[in-house]
Structures are given as structure tokens and as C-alpha cells.
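Examination of the molecular architecture
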Amino acid sequence: QVQLVESGGGLVQAGGPLRLTCAASGTSSRINAMGWYRQAPGKQRELVANSANSGSTDYADSVKGRFTISRDNAKNTAYLQMNSLKPEDTAVYYCKAIINSMWGTPLNYWGQGTQVTVSS
């Protein structure tokens, strides 16, 4: 069974850094992409950053230049380095992985989320 486990969230002062980690386990299939999403209270879940196997990355405009997504494919792990954090970055951050099933169908998997709180 595929599991995604996030870690690294917490409370940080505005302007500070945090690094989130997402480790995928329970699969020997190809991971097509890994990404980070976030959901603030009363708001919809939104894409923060995504990393495809092609090497391409995408970022929300609000985090460009501050956040960096990276992957260690050998460890099935993704990271989100967050710098210059702002109070508006406060949210639950979720990891998402797109992994092929045994029949080659791409499936979405989500982690349980990790809280990031930025104090002003």
C-alpha cells in the first residue's frame, strides 16, 4: 500500500525558513511526479510546487523565488525548501505523488498533511 509521509512543519517567525520532507513508501512503480499543495482555513487547496520526472518544475506565483522543490528519486522523497516565509504561507501542506498502477494507470496519492504556521 502506497503511503506518503510528510514531516518538517512547525511554527516559524516571518522571514524564517522551513524544509518539508515527503517520503513515499510501499511502491516499486514509477513515480511520475511529486508536488506540494496547501490549504489555509476557509480556502481551497492550492498547488504550491510540482516536480515532474522530466525535470520541469512549477510554482505558484505567490511562492516563486522563495520556495524550491527538489526530489531524491533513489529515496522516493521530495523536499520543499521554504525561505522568507510570510504569515500568508500559514496552511496545512500536503504532499501529492502520481504513481503508475500495475496496469500503467496514473493514480494520485496524498499525504496526511503537515501544519506550517508563520507568525508575524
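Below, the structure is looked at part by part. (Residues numbered from 1 in each chain as written. Predicted model: local features only at pLDDT ≥ 70, side-chain atom pairs only at ≥ 80, totals over all residues. Heavy atoms only, no water.)

Topic: the sheet that holds strand E8 (residues 77-82)
Rules: DSSP bridges decide pairing: two strands pair if at least two such bridges lie between them. The secondary structure listing takes helices from DSSP runs of H or I that are at least 4 residues long and strands from runs of E that are at least 2 residues long, numbered from the N terminus. Fitting a line to C-alpha atoms yields each axis, with helices limited to the stretch in contact; the angle taken between N-to-C directions then spans 0 to 180 degrees.
Pairing is antiparallel across the open sheet formed by four strands, whose spatial order is E1-E3-E8-E7. The open sheet has two edge strands, strand E1 (3-7) and strand E7 (67-72), and neither has a second partner. When strand polarity is set aside, the average angle formed by the axes of neighbouring strands in this sheet is 15°.

Here's the deal with the side chain of Thr 114
Here is the rule: Three exposure classes are used, based on accessible area relative to the maximum for each residue type with a 1.4 Å probe and protein chains only: buried under 20%, partly exposed in between, and exposed over 50%. Contacts described as polar in this section are N or O atom pairs within 3.5 Å, which, within protein, must combine one atom able to donate a hydrogen with one able to accept it, while residues neighboring in sequence count only if both atoms come from side chains. By definition in these notes, contact holds between two residues if any of their heavy atoms fall within 4.5 Å.
Tracing the sequence through the fold places Thr 114 in strand E11 (residues 114-119). Residue classification places Thr 114 among the buried positions, given a relative accessible area of 11%. Among the polar contacts made by the side chain of Thr 114, one reaches the main-chain amide nitrogen of Gly 9 at a distance of 3.3 Å. Beyond its immediate chain neighbours, meaning those up to four positions away, Thr 114 contacts Glu 6, Gly 9, Leu 20, Ala 91, Val 92 and Tyr 93.

Some thoughts on the state of the cysteines
A disulfide bridge is the covalent bond that connects two cysteines by way of their sulfur atoms. The cut-off we apply is this: Note on terminology: pairs of cysteine sulfur atoms within 2.5 Å are recorded as disulfides.
Under the counting rule described, the total for this entry stands at one disulfide. Residue Cys 22 pairs covalently with Cys 95 via a disulfide, S to S 2.0 Å. Disulfide Cys 22-Cys 95: the torsion about the S-S bond is -80°, which places it as left-handed. One end of the pair, Cys 22, is in strand E3 (residues 18-25); the other, Cys 95, is in strand E9 (residues 91-100), with 73 residues separating them in the sequence. On the basis of relative accessibility, which here comes to 0%, the residue Cys 22 falls in the buried class.

A word on the pairing of E1
Burial along E1 is one-sided: the residues Leu 4 and Glu 6 are buried and none of Gln 3, Val 5 and Ser 7 is. Relative to E3, E1 runs antiparallel, the two being bridged by five bridges. Its bridge partner lying in E3, Gln 3 is registered against Ser 25.

What about the packing of aromatic side chains?
As a reminder of what qualifies: Two rings belonging to Phe, Tyr or Trp (six-membered ring only in the last case) form a pair when the distance between their centres is within 6.5 Å. Interplanar angles under 30 degrees mark stacking, angles over 60 mark edge-to-face geometry, and anything in between is tilted. Both a distance and an angle decide whether a charge sits over a ring: NZ of Lys or CZ of Arg must be within 6 Å of the ring centre and within 35 degrees of the ring normal.
Inspection of the entire model under this criterion finds one aromatic pair. Judged by centre distance (5.0 Å) and plane angle (65°), the ring pair of Tyr 37 and Trp 110 falls under edge-to-face. Remark: Trp 110 occurs in strand E10 (residues 106-110) and Tyr 37 occurs in strand E4 (residues 31-39); sequence separation between them is 73 residues. Geometry around Tyr 94 places Arg 45 over its ring, the cationic atom sitting 3.7 Å from the centre. In this structure, Arg 45 is placed above the aromatic ring of Trp 110, and the distance from its NZ or CZ to the ring centre is 4.7 Å.

Things to note about the pattern of salt bridges
Two side chains of opposite charge can pair, provided their charged atoms sit close to one another. Using the following cut-off: In what follows, salt bridge is the name for a side-chain nitrogen of Lys or Arg lying within 4 Å of a carboxyl oxygen of Asp or Glu.
Under the counting rule described, the total for this entry stands at four salt bridges. In this structure, Glu 46 and Arg 38 form a salt bridge, with 2.7 Å as the shortest nitrogen-oxygen distance. Its salt-bridge partner being Asp 89, residue Arg 38 comes within 2.9 Å of it at the nearest N-O pair. In this pair, Arg 38 sits in strand E4 while Asp 89 sits in the loop between E8 and E9, placing the two residues 51 residues apart along the sequence. Accessibility classification places Arg 38 together with Asp 89 in one group, the buried group.

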